[in-house]
Amino acid sequence: MTLYEQLALQLQEQIRSGVWQEGDKLPSLRETVRRSKLSLMTVLNAYQLLESQGWVRSRPQSGYFVSPVREATTGYALPPQPLHPAETVDINAFIFNVLQAGNNPDCVALGSAFPDPSLFPQHQLSRSLVRVARQLSSANTGVSLPPGCADLRRSIAQRYAAKGMDISPDEIVITSGALEALNLSLQALTQPGDWVVVESPAFYGALQAIERLHLKAVAVATDPQRGMDLDALSQALQQYPIKACWLMSHCQNPLGASMSTAHKQQLLALLNEHGVSLIEDDVYGELYAGLAPPLPVKAWDKTGQVLHCGSFSKTLATGFRIGWVAAGQQAQAIQRLQLMSTLSTSAPMQLALADYISAHHYDKHLHTLRRTLEQRKHIFYRAIKREFPEAVRVHYAEGSYFLWLELPTDCCATQLYWQALKAGITIAPGRMFAAGEQYRHCFRLNASLPWNTSSEAAIKQLAALIDEQLSVSLSIQA
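Residues numbered from 1 in each chain as written. Predicted model: local features only at pLDDT ≥ 70, side-chain atom pairs only at ≥ 80, totals over all residues. Heavy atoms only, no water.

Draft legend 1. Region of interest: a nonpolar patch on the surface. Taken together, the side chains of Leu-145, Leu-339 and Leu-343 present a nonpolar region at the surface, about 260 Å² in accessible area. Mapping Leu-339 onto the fold places it in helix H11 (residues 331-340). (Patch = residues over 30% accessible without salt bridge, like charges linked within 9 Å, V, L, I, M, F, W, Y side chains within 5 Å. Areas by Shrake-Rupley, 256 points an atom, 1.4 Å probe, with all protein chains shown as cover. Salt bridge = Lys/Arg side-chain N within 4 Å of Asp/Glu carboxyl O. Helix = DSSP H or I, 4+ residues; strand = E, 2+ residues; numbered from the N terminus.)

Structure, rendered in structure tokens:
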């Protein structure tokens, strides 16, 4: 065993025994060199080995920190039924009622799908908006017609190019948020009555789109760490005449799962084998963990069958409602559909975003945003583990700002939602993320909020409500 492997093993044992706990900063490289009398390269190799194994994570200019203990890494059991087919999806009324009931600015918004808006560069965006408003004239208002502002499409294409992806601005269609991009993509690929693959659990917007377009859905089991079960997907492709697959490759909502490179490549090969197009919902792609941005499935697409959808709503400007789709061979069809529905996307908002990105602020903002979200998620996770009953299982996946929680199966997260709402707290009950009842005992929490007296009180109140529900359940069983 090499010296750096010995040091890595020693640090592993210290983490296991509680000397260093999740979120703790390890001694600096130089301090460890001084204590161990090893070379700087040996210590660096040990720390990098620990990072590659998931024991620690590095933060630029800050050092190495102990990764949280993630229950899902100990073996998440996929449901015994890997496929959940539904010839009719009827979920919009439930989602509408939940979202409307929780639409109260005084609530602690643990159920929100958006990050804390105070993390966005509102002042800089406002300056960009004012600057372009002065330049806006009747001669250039037409930039909002499909496919959208040329400057913004070039900026997005340049960001693809920085990842080594050759996406032409002509392939990009600017939309009113990612949800319009996703809906138009689905509409371009299907006809009423067609079968579509989604994740299980799935982003509720996908289920609403399937309901609106009168499609049939096959929900495929999805792991909180690895993403969609490819064996189950293969089974679905063999049993049903699937026309499209809609999934999130990074920081999946609600689980938080991100696919590995190998998983993405295998997924694409499987879909290509069956001639099925992929709608890649990548709205959280910029909120990755680690130093290097992951490549989307679109990076390996050679036939134009992957429609890659993104947005600025989760990273920069929620209220601007600007998204896009790199639509491949479907770009023209999507433009025609957009012209018949929303007609256009806000010209001033497009121009303001193009102005902001051209000023080279965006990557600096994203770097700060990722670090802040990571720190806040750590705090929420540790508080939940401290306050919630042991029977509650918490799934922590790298990146983004969601935590997925499982109550015992005889509990009801929808009931918990309504109880929490009375106490001024929102959560996202699992019933929102499936056409059936298989996740009625689960819920999603937003961990992007600042940790203060309100959020701490909300976590303690949720813990008390869960305790109460568990006690009732036990008394019934007795």
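Draft legend 2. Up close: empty space enclosed by the protein. Evaluation of the coordinates by the stated rule reveals one cavity of 30 Å³ or more. Here the largest cavity is characterised by a volume of approximately 230 Å³. Around the largest cavity, the lining is made up of 16 residues, and of these Arg-159, Lys-163, Glu-286, His-308 and Trp-324 lie nearest the centre. Put simply, the parts of the chain that give the lining of the largest cavity at least two residues each are helix H6 (150-162) and strand E11 (306-311). Partitioned by chemical class, the residues of the lining of the largest cavity number seven nonpolar, five polar and four charged. (1 Å grid on protein atoms, 1.4 Å probe; cavity = no way out; pocket = protein on both sides within 12 Å on 5 of 7 lines; lining within 4 Å. Points joined across faces, edges and corners; volume = space filled by probe spheres on them. Nonpolar A, V, L, I, M, F, W, Y, C, P; charged D, E, K, R; others polar.)

Draft legend 3. Focus on the sheet that holds strand E16 (residues 428-429). Pairing is antiparallel in the open sheet, where four strands are placed in the order E13-E14-E17-E16. Pairing within the sheet leaves two strands with one partner each, and these edge strands are strand E13 (393-395) and E16. With five bridges joining them, strand E14 (residues 402-406) and strand E17 (residues 442-446) adopt antiparallel strand pairing. Residue pairing for E17: Leu-405 is matched across the bridge by Phe-443. (Pairing = 2+ DSSP bridges.)

Draft legend 4. Looking closely at the packing of helix H4 (residues 92-101) against helix H8 (residues 204-212). The interhelical angle for the contact between H4 and H8, taken along N-to-C directions, is 135 degrees, at an axis separation of 10 Å. Compared by their axis directions, H4 and H8 come out oblique. Contact with H4, carried on its side by Asn-92, Ile-95 and Leu-99, involves Tyr-204, Gln-208 and Glu-211 of H8 and no other residues of that element. (Axes fitted to C-alpha atoms, helices over the stretch in contact; angles between N-to-C directions. Parallel < 35°, antiparallel > 145°, perpendicular 65-115°, else oblique. Contact = heavy atoms within 4.5 Å.)

Draft legend 5. Molecular detail of the pattern of salt bridges. The full count for this structure, using the stated rule, is 16 salt bridges. Put simply, Arg-59 and Glu-374 hold a salt bridge, and the shortest N to O gap is 3.4 Å. With Arg-59 in strand E1 (residues 56-59) and Glu-374 in helix H13 (residues 362-387), the pair connects residues that are 315 residues apart, well separated along the chain. The partner of Arg-159 in a salt bridge is Glu-286, with the nearest N and O atoms 3.2 Å apart. On the criterion of sequence distance, the pair formed by Arg-159 in helix H6 and Glu-286 in the loop between strand E10 (277-281) and E11 is long-range, its members being 127 residues apart. Neither Arg-159 nor Glu-286 differs from the other in exposure class; each is buried. (Buried < 20%, exposed > 50% of the residue type's maximum accessible area, 1.4 Å probe, protein only.)

Draft legend 6. Examining the packing of aromatic side chains more closely. Scanning the entire structure with this criterion turns up 15 aromatic pairs. With centroids separated by 6.0 Å and ring planes inclined at 70 degrees, the aromatic side chains of Tyr-284 and Tyr-401 adopt a geometry described as edge-to-face. Placement of the pair is Tyr-284 in the loop between E10 and E11 and Tyr-401 in the loop between E13 and E14, with a sequence separation of 117 residues. The exposure classification of Tyr-284 matches that of Tyr-401, with both residues buried. Put simply, the rings of Phe-203, Tyr-204, Trp-404, Phe-433 and Tyr-439 pair up and form one aromatic cluster. One residue, Arg-59, lies across the ring of Phe-65, its end atom 3.9 Å from the ring centre. (Phe/Tyr/Trp six-rings, centres within 6.5 Å; stacked < 30°, edge-to-face > 60°. Lys NZ or Arg CZ within 6 Å of the ring centre and 35° of its normal.)

Draft legend 7. Molecular detail of the pairing of E17. Counting buried residues along E17, five of its five residues qualify, which places the element largely inside the surrounding structure. Burial of E17 is two-sided: the residues Cys-442, Arg-444 and Asn-446 facing one way and the residues Phe-443 and Leu-445 facing the other way are all buried. Bridge count between E16 and E17: two bridges; the pairing is antiparallel. Looking at E17, one finds that Ala-428 is bridged to Arg-444.

Draft legend 8. Layout of the state of the cysteines. This structure, assessed with the given rule, holds zero disulfides. Cysteine Cys-251 shares no disulfide, and the gap to the nearest cysteine sulfur, in Cys-309, comes to 16 Å. For Cys-251, a relative accessible area of 1% gives the class buried. For Cys-442, which is in no disulfide, the shortest distance to another cysteine sulfur is to Cys-411 and amounts to 11 Å. (Disulfide = S-S within 2.5 Å.)

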